[in-house]
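# Reading the structure
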Amino acid sequence: GPGRLAIQSAQWDLALFGIGWVAQLVVFLGILKPQGLRQALPDAARLDRAAYYSILIAFALVAVVLVTGALWAHYAWGRYWGWDPKETGALVIWIVYAIYLHGRVTHGWVGVPSAVIGVLGFFVILAGFLGVNLGWFADGLHSYGSA
């Protein structure tokens, strides 16, 4: 009927809406009660260490994905690399994480410098997911939806 709310959307759109809503709630709470939010989070050194170990594991996993994906592509399409947006995005993620780990291990970048690079890597992952998987920015062999 006319008064009924009809949701005609893909499940990914709803999931992204939910994630955006939760993120806005956290920002709103951070503005209203910054001390409360700060007390709810672990200390900065613990968060930095957690980010380091997470990115270390992600770096290794993305390397495995790049190698096994290239082997699969050779079997399926007769080529190892085709500069498809998804392949290129995975390579960019791996490079950003390599810069993070290199800066941290070689130059001692901890805290804010490494956090900035880590957040950049997170946004590269988001751009890859939204842009290629959902087809918002680029279409390729790995596009599964359309905006």
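Overall, the coordinates contain 2 salt bridges when judged by the stated rule. Asp48 is paired through a salt bridge with Arg104; the nearest N and O atoms lie 3.0 Å apart. Separated by 56 residues along the polypeptide, Asp48 in helix H3 (residues 44–77) and Arg104 in helix H4 (residues 85–107) bring together distant segments of the chain. On the basis of relative accessibility, which here comes to 15%, the residue Asp48 falls in the buried class.

A separate point is H4. Here H4 contains 23 residues, and its C-alpha end-to-end distance of 31 Å stays within 8% of the 33 Å for a straight helix at 1.5 Å per residue. When H4 is considered as a whole, its buried residues turn out to be Glu87, Ala90, Ile93, Val96, Tyr97, Tyr100, Leu101, Gly103 and Arg104. Directly after H4, the chain includes Gly108, whose backbone phi takes a positive value near 70 degrees.

The next point concerns unusual backbone geometry. Its identity is not glycine, yet Trp83 carries a phi of approximately 55 degrees, on the positive side. Within the element layout of this structure, Trp83 appears in the loop between H3 and H4.

This next bit is on the confidence of the model for the protein chain. Scored by pLDDT, the protein chain has a mean of 84; 84% of the residues are at 70 or more. Taken element by element, the protein chain is modelled with least confidence in helix H1 (residues 11–32), mean pLDDT 84, and with most confidence in H3, mean pLDDT 94.

In this section: the nonpolar core. Among the nonpolar cores identified, the biggest contains 12 residues, and these are Tyr52, Ile55, Val62, Leu66, Ala90, Ile93, Val96, Tyr97, Tyr100, Leu101, Ile117 and Val124. Contributions of two or more residues to this core are made by H3, H4 and helix H5 (112–133). With near-sequence residues (within four places) excluded, Ile55 lies in contact with Tyr97, Tyr100, Leu101 and Gly118.

Glancing now at the packing of aromatic side chains. In this description, an aromatic ring pair is defined by two values, namely the gap between the centres and the angle between the planes. This structure, assessed with the given rule, holds 5 aromatic pairs. Ring plane angle 80 degrees and centroid distance 5.5 Å describe the contact between Trp81 and Trp83, whose orientation is recorded as edge-to-face. Relative to Phe123, the ring of Phe122 lies with its centre 5.8 Å away and its plane at 65 degrees, an arrangement referred to as edge-to-face. For Phe122, a relative accessible area of 46% translates into the label partly exposed.

Cut-off values and rules
Residue positions are given per chain, counting from 1 as you read along its sequence in written order. For a predicted model such as this one, the threshold for reporting local features is a pLDDT of at least 70, and the threshold for listing and counting side-chain atom pairs is 80 or more; totals across whole chains, interfaces and linings nevertheless cover every residue. Excluding hydrogens and water, the side-chain figures rest on all heavy atoms present in the structure. Only one rule defines a salt bridge in this text: a Lys or Arg side-chain nitrogen within 4 Å of an Asp or Glu carboxyl oxygen. For helices the rule is a DSSP run of H or I covering at least 4 residues; for strands it is a run of E covering at least 2, with both sets numbered from the N terminus onward. Only protein chains enter the area calculation, which uses a 1.4 Å probe; residues under 20% of their type maximum are buried, those over 50% are exposed, and those in between are partly exposed. A helix is expected to span 1.5 Å for every residue after the first. pLDDT expresses how confident the predictor is about each individual residue, on a scale running from 0 to 100. Among buried residues, those of type Ala, Val, Leu, Ile, Met, Phe, Trp, Tyr and Cys that are joined through side-chain atoms within 4.5 Å constitute a nonpolar core. It only takes one pair of heavy atoms within 4.5 Å for two residues to be counted as in contact. Only the six-membered ring of Trp is used, alongside the rings of Phe and Tyr, when aromatic pairs are assigned; centres must lie within 6.5 Å, and planes under 30 degrees apart are stacked while those over 60 apart are edge-to-face, with the rest tilted.

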